[in-house]
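Chain by chain, the residues run as shown.
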Amino acid sequence: MKEMELPTPPKPLADPPKALTAAESLTPLIESTYTSPDLFFYLNGKKVILSNPNPHWTLLDYIRAQKSLKGTKLGCGEGGCGACTVVLQVKDSQDQRKIVHLAVNACLFPLVGIDGKHVITVEGLGSVASPHPLQERIAKMHGSQCGFCTPGIVMSLYALVRNSYNVETRKFHLSARDIELEGHLDGNLCRCTGYKPILQAAKTFITEDLKGQLVEDSTAHGDSVEAVDITGLVSNGSGRPSKGSCGRPGGCCRDTPSDGSSGESKSECSSPSTEPSSLSDEEFIPAHIAVTKEPMQDAEVSGTTYALPLKSRENDVQDTSKSHPEGIKTESSLQAPTSGSKNGVPQIEFAEYIPGTELIFPPALWRYDPKPLCYGNGRKVWFRPVTLDQLAELKGVYPSAKLVGGASEVQVEVRFKNSDYAVAVYVSDIEELKQTKLPSFGALETAEELLLSANTPLTEVERMCKDIYAKLGKRAMVLEALRKQLRYFAGRQIRNVASLAGNIATASPISDANPVLLAAGASVVVRSQSIGLSEVPLNKFFIAYRTTSLPPDGIITHVKIPLHKAGAREVLKAYKQAKRKDDDIAIVTAGFKVRLNEEGEVEDIVLAYGGMAPKTVESVNAQSALLGKKWFSSETLELGLDNLTRDFDLSFSVPGGMAHYRKTLALSLFFRFWHESVSELTLGSVDNDIIEEIHRDISTGIRDDYNPNEQRIVGKQIPHLSALKQCTGEAEYIDDMPPQDQELFGGLVMSSKAHAKLLDVDWEPALKMPGVAGYIDKDSIPKEKNVFGAMIKDEPYFADGEVRHHGQVIGMVYAETALQAQAAARAVQVTYEELPPILTIDEAIEAKSFFKHNRALKKGVAVDGSMDEAFAKCDRIFEGKTRIGGQEHFYLETNAALVIPGSEDGFMEVWSSTQNTMETQEFVSQVLGVPSSRINCRVKRMGGAFGGKESRSVPFAALLAIAAKKERRPMRIMLNRDEDMLLSGQRHPCQARWKIGVSNEGKLLALEADIFDNAGFSQDMSGAVMDRCITHFDNCYEIPDVYLKGNVCKTNTHSNTAFRGFGAPQGMYFTESIMYAVSEGLGIDIDELRQRNLYKPGNWTPFFQKIDEDWHVPLLLKQLGDSSNYETRKAEVAKFNATNKWKKRGICLVPTKFGLSFATALHLNQAGAYIKIYADGSILLHHGGTEMGQGLYTKMCQVAAQELGVTVDAIFTQDTQTYQSANASPTAASSGSDLNGMAVKNACDILNERLQPFREKYGPNAPMSTIAHAAYIDRVNLAANGFWKMPTIGYQWGDTNHETVKPMYYYFTQGAGVTEVELDVLTGDHTVLRTDLMMDVGNSINPAIDYGQIEGAFVQGQGMFTIEESLWLKSGEFATRGPGTYKIPGFSDIPQVFNASMLRYDNEGKPLSWKHLRSIQSSKGIGEPPLFLGSTVFFALREAVKAAREMNGAKEPLALDSPATAEKMRLAVADDLAKRAQVVQKEGERNFFVAVA
Ligand SMILES: Cc1cc2nc3c(=O)[nH]c(=O)nc-3n(C[C@H](O)[C@H](O)[C@H](O)COP(=O)(O)OP(=O)(O)OC[C@H]3O[C@@H](n4cnc5c(N)ncnc54)[C@H](O)[C@@H]3O)c2cc1C
Ligand code: FES
Ligand code: FES
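- Per an unreviewed UniProt entry, the protein chain carries the name xanthine dehydrogenase and comes from Lophium mytilinum.
- The record held by UniProt for the protein chain lists under Subcellular location (unreviewed entry) the comment "Peroxisome".

Below, the structure written as structure tokens:
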């Protein structure tokens, strides 16, 4: 360590007066105590000693730097998505004889923390060749689409499965409750699947193998666990423990053979349960599922036969198959996840779960003896003391040293707030701090307080709270309140490492633990060299915003929590309201305590709040007003509410926004507490409805898993071809590609202003940073080339003179590593002169800030006359303004690219995470000044895209290309999540100003609307989005006279872009909102109104497309209505609402139609495919479609296999590239399968024709190897290029001639959804009780993939219409730019009952046929259409809010804009609490946040 350089950070004021430098202070300690710079740990079973690693690295940085460990992903870097989840196998701090498995976020976890631990990554579980049952089941049950989230989810489940074995009781117990309700998956997000298949795969562990509970036979395992002597284990020196358990479900290394193939544990795992599993554990999985000892194959689907290499058989074609009847199997990813089917019902077979094959706890780690550590470089140093004395000494000599516990605050500060703590001290391995020793039960019974070690991980605190509450009951009510807060505190991965000390020391105003602790009268025990030991009550600890009274050298050693006195009349409760229930920071969080005297008067009361002030506060006036008052009295309740409104007199523009909602919540939570306490203290009877919070049950759901139209290959539920690779971490994304020789990484310099003149950009400081190789900006390319755009070139790659949105790219630094490049980019100094930004649609309208677009649809009198005529004929006219916010794509893989310059002719290979290879190729060729033919743009797969990588991915490849050309070196970039959210744009926020005329009977007669989308600072595809918006404004309804005008607003936000649905969901949302307004205005039931206005075959849409006989919406409404029991449930909802005041339910049945084709860009409706059959019979397929998780490659392989008469794994698709598919349209508009499928078929037709003579010669059953080889020998061209262009379409805007007009859409995918919800009127919280979806997808090519699209799109739509809300600050700064502030649905947001089905029959039960459908295999595009059905959640919630408003006597029509956030719904309820919490907007005051719709 002598050579180690120590940093010299700026001296904080708090340092000792002698003001020694860090080096002076710490060197003696390093020399005496911290002599080791080595981390010793195990990684996937292998020992690692890492000497003096990079001190800036997190565990994720280290893992991803390993060549073979790319499965652990970076999705956000802030602990909010779970993509980086790994498992730490460690000794249980409560019982050192046990092993526990902790899922942690590697992106936050400090590398220093792995010393002495066993790190397990997804690669440690299994591989494609030998997958872990979890990996296999998730793959086979379609739980992985794009796969970027999958390794993280596998790891969270792995921890759960492994922790389900209890060494003491020898039982393995894993229930559906564990999987769904205990928060083990709350730190993982998936944007593709809708979670349902993942949950179902996880549940196979409770229903199939392990029968809910496995009890070990003690005779089979020798010594009882209680007899284990760990001391002996540690010192026996045998290299592995002789006793004790490694915690492996079903057994451990001491009782199974070391090769792990124990038949013993295998048979035990499948032994019947001794305890019946609870009903809830028995999830209904419709497909037939069997557990087999060996993975099985369906011969029809996989297991193709290939011949030997050509040389060995060139003389004897026929003998090939004879001499090798089995053929040669390929190493196909399909080997494991193959599923077959019987009579259209999928048969899924799993390999048995054999616990004996699990990774054991490395014996060397039993003997591990922690030592003080120190490593670092000139910029940063890590210390890892192992005793509290060592820590106190270190803090004493150098108080500025930053303590790091779980790092869930610290690492976020390092990564996003640019706080680089030069001296960091990892405290979570200090036994005295991390290990809480609980008193024995006897001592607990009389204990007055609980002393928690300050850095005890929150999961353990949660567990202790639960255990102690179970033992002590009400005396431990504070612990029950704390447990409740912790259950909804961050995600499991964070709770596994984060601490109370970290939460308390941070003093965040929205801390969840602090209000409870404050209410309980808790204190912290502080040790400091200067002051000694002290105890500080929490009400003296929080001083100001994120400021505490902790002395600079102070260490929180314990948290002291008083327990409730036996017999005292006391109640303590905690509450939290956030945007999303799981893993979200609070809007308001509270801890309340009241103690009454014998007379029922208030003797003591604490009302502690988070989210109401810059720090956790008590409601001082309310408390003193309530003291001495009789608690059970409505006057007391009133008094409390009254004083709360005074204590929290928030201003309209309060930081954090939501003043009215926060204030309403402050009252509502108190209101709930008062009722709950009255009930608990049995003071009187209260409405239970007020007390109950929204309750979620274990989810269930079915797919109508049956396909009557299944063919040999097409129509079968084949798992995504990459699913298993994705589950094992072997699937490669751009950032996983091996390092290129000499490669550099780009770091973007981005504008911190929304609108400003660029006065100066000084990049010199960046060039001085370590590893930096150069910088490029607008001056690096000719001015005329500094421009791109999907439809109109109006967007500069690099800002030139002015920035027009927050985050706009000004320049790019490139350096040896990504971290260096990002740090250097932050060092570039930019001077701005700020200009006023335009953010909202209203502001744009006022400023007349539009892009030229101006497309309109006219129908009926609007074509030649005036809409006034149409309105004059109407009985009633309704008008309104309706808004819908945008939506962030939140694909799990952010934008990434890698460019590799060739050495000759200007060639460049461009790997990009893009949906659009052609556009990437074109723009790269433009900036390089070479023809497109010199650029090969390639993409293997994307970790999700959803439209966000159709055009917005292009500039990143172009920027890299400019730098790569300059430096002649490969360049790579992967955006951080916040960068991606700042740059990639979103779904368009939209607004409609509408007027509708109707007859008294409810016939829609005339519609006029001005529709606006917020395009942002450049056009991108905003015009086309508006076109689709207005051509879906009709949804499913016939209106004779229509005039729709589309306007595209120019603002200073990022440039909005394509997103699944492309304007259609917004258009249909407007229509359905109008339908509700009409229904309520006329008093006609909404379902009746819909029926009266549904299209019929022969009707014309506003874009003059005739509704044909394939119009199935009426069928869908009828069949879904019946199967979901809609009418009965609707009546039950009405009954429920009549009898419940504080919970309201809503239900709705909404139809949808979605037009297929690139509507307004005719030329994009074409595709090419290239198929090569090799002489050994193997087949290579290329087409222009890209794989983003939607299963396109799988479907295309199915089409090719079906057409060529081979098995699926005979077809290989490696990637999409412009050198194979020229001029490929973007994979978008749900047309990937339609266009490419037909092109593939065309290529197959060509090849089949050429192969026909050989098929005739060798017979129909001859394998492809025989036929291909014979054709080759006969000099037949076995490569074919297929092509297809969509016929019939070709709408010309303005063409209103019924005779000549061409259709805009090739066909309509149709569907319907029923959703029922429950709303907590007091908070605005909700849950989706049940959703039923039915889609007309034609003849599905692969129903499993299509169900996945239906469920995934629905949940994405659900998020869009409810919890997903993008917000800006008044200055134009984009505020919601990470998972911490922008919430997409998580595992526990999906409908509790979630059913999906496909339309297959007419109402008489006859198989359906599609008369006009001329698509590939008569299938329909499905990617986008179901998304709009997410609006059923919105409209059901609207019904619930309406019911609450009716109860509260609200008179005005309900105007609820999307998204229906908890805030909007709570305030719309319009009850007394919301009214008395009203916050008046004073002159000049603006909301802290701005929504831009
Ligand atoms: C994705 C995400 C979600 C989150 N969700 C929530 C949430 O729902 N509710 C909530 O309240 N918080 C939440 N947080 C914040 C954070 O997780 C908590 O504050 C957590 O308790 C911090 O603990 P830690 O051990 O990780 O602290 P660290 O990050 O290690 O440290 C935080 C601060 O505490 C100091 N510190 C740590 N230990 C000691 C000690 N023994 N003595 C003195 N100072 C010490 C550190 O120096 C640092 O200043 C979230 C954070 C993330 C990243
Ligand atoms: S990358 Fe770690 S949680 Fe998202
Ligand atoms: S499969 Fe989960 S994010 Fe794509």
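Next comes the rest of the description.
### Side note on the sheet that holds strand β44 (residues 1211-1212)
Thinking step 1. Pairing in this open sheet of 4 strands is mixed, and the strands run β44-β43-β42-β46 from one edge to the other. For this open sheet the edge positions go to β44 and β46 (1279-1285), each flanked by a neighbour on one side alone.
Thinking step 2. As paired strands, strand β42 (residues 1166-1173) and strand β43 (residues 1179-1183) are joined by 5 bridges and run antiparallel to one another. Across the sheet, I1171 pairs through a bridge with L1181, a residue of β43.
Thinking step 3. Helix α39 (residues 1232-1258) contacts β42, β43 and β46 of the sheet and is inclined by roughly 140° relative to β46.

### Points about helix α41 (residues 1343-1361)
Thinking step 1. The end-to-end C-alpha separation of α41 is 26 Å, in line with the 27 Å expected for 19 residues at 1.5 Å each.
Thinking step 2. Across the 19 residues that make up α41, a large majority, 19, are buried.
Thinking step 3. With a side-chain oxygen lying 3.1 Å from the backbone nitrogen of A1344, the N-terminal cap of α41 falls on N1342.

### Section: the UniProt feature "binding site: [2Fe-2S] cluster 2" (unreviewed entry) in the protein chain
Thinking step 1. Under the present numbering, the feature "binding site: [2Fe-2S] cluster 2" (unreviewed entry) in UniProt falls on C146, C149, C190 and C192. On the basis of their most widely separated C-alpha atoms, the annotated residues across 47 residues gather in one place, lying no more than 9.3 Å apart.
Thinking step 2. Residue placement: C190 occurs in the loop between α5 (176-181) and α6 (196-209).
Thinking step 3. Overall, the relative accessible area of 5% leaves C190 in the buried class.
Thinking step 4. The contacts of C190, once residues within four sequence positions are left out, are C149, I153, Y195, I198 and I1384.

### Description of the environment of V1479
Thinking step 1. Within the secondary structure, V1479 is located in the loop between α44 (1472-1476) and β51 (1489-1490).
Thinking step 2. Expressed as a C-alpha distance, the spacing of V1479 and S651, which sit 828 residues apart in the sequence, is 6.8 Å.
Thinking step 3. Apart from residues lying up to four places away in sequence, V1479 is in contact with L650, S651, F652, A659, H660 and K663.

### Observations concerning the nonpolar core
Thinking step 1. Among the nonpolar cores identified, the biggest contains 308 residues, and Y609, W631, L748 and I1011 are the most heavily contacted of them.
Thinking step 2. Membership of the second largest hydrophobic core comes to 84 residues, among which are V48, V404, A481 and L572.

### Details of empty space enclosed by the protein
Thinking step 1. A complete count under the given rule lists 13 cavities of 30 Å³ or more for this structure.
Thinking step 2. Its boundaries defined by the atoms lining it, the largest cavity holds a volume of some 140 Å³.
Thinking step 3. If you trace the largest cavity, you find 13 residues lining it, with E795, Y797, V809, P955 and L983 closest to the centre.
Thinking step 4. Take the lining of the largest cavity: its biggest share by element is 3 residues, from helix α31 (residues 954-967).
Thinking step 5. When its residues are assigned to classes, the lining of the largest cavity shows 9 nonpolar, 2 polar and 2 charged.

So, how was this worked out
Residues numbered from 1 in each chain as written. Chains lettered and ligands numbered in written order. Predicted model: local features only at pLDDT ≥ 70, side-chain atom pairs only at ≥ 80, totals over all residues. Heavy atoms only, no water. UniProt positions renumbered as here; feature names shortened; annotations may be inferred. Pairing = 2+ DSSP bridges. Helix = DSSP H or I, 4+ residues; strand = E, 2+ residues; numbered from the N terminus. Contact = heavy atoms within 4.5 Å. Axes fitted to C-alpha atoms, helices over the stretch in contact; angles between N-to-C directions. Expected span 1.5 Å × (residues − 1). Buried < 20%, exposed > 50% of the residue type's maximum accessible area, 1.4 Å probe, protein only. Polar contact = N/O pair within 3.5 Å; in protein donor to acceptor, adjacent residues only side chain to side chain. Core = buried A, V, L, I, M, F, W, Y, C linked by side-chain atoms within 4.5 Å. 1 Å grid on protein atoms, 1.4 Å probe; cavity = no way out; pocket = protein on both sides within 12 Å on 5 of 7 lines; lining within 4 Å. Points joined across faces, edges and corners; volume = space filled by probe spheres on them. Nonpolar A, V, L, I, M, F, W, Y, C, P; charged D, E, K, R; others polar.

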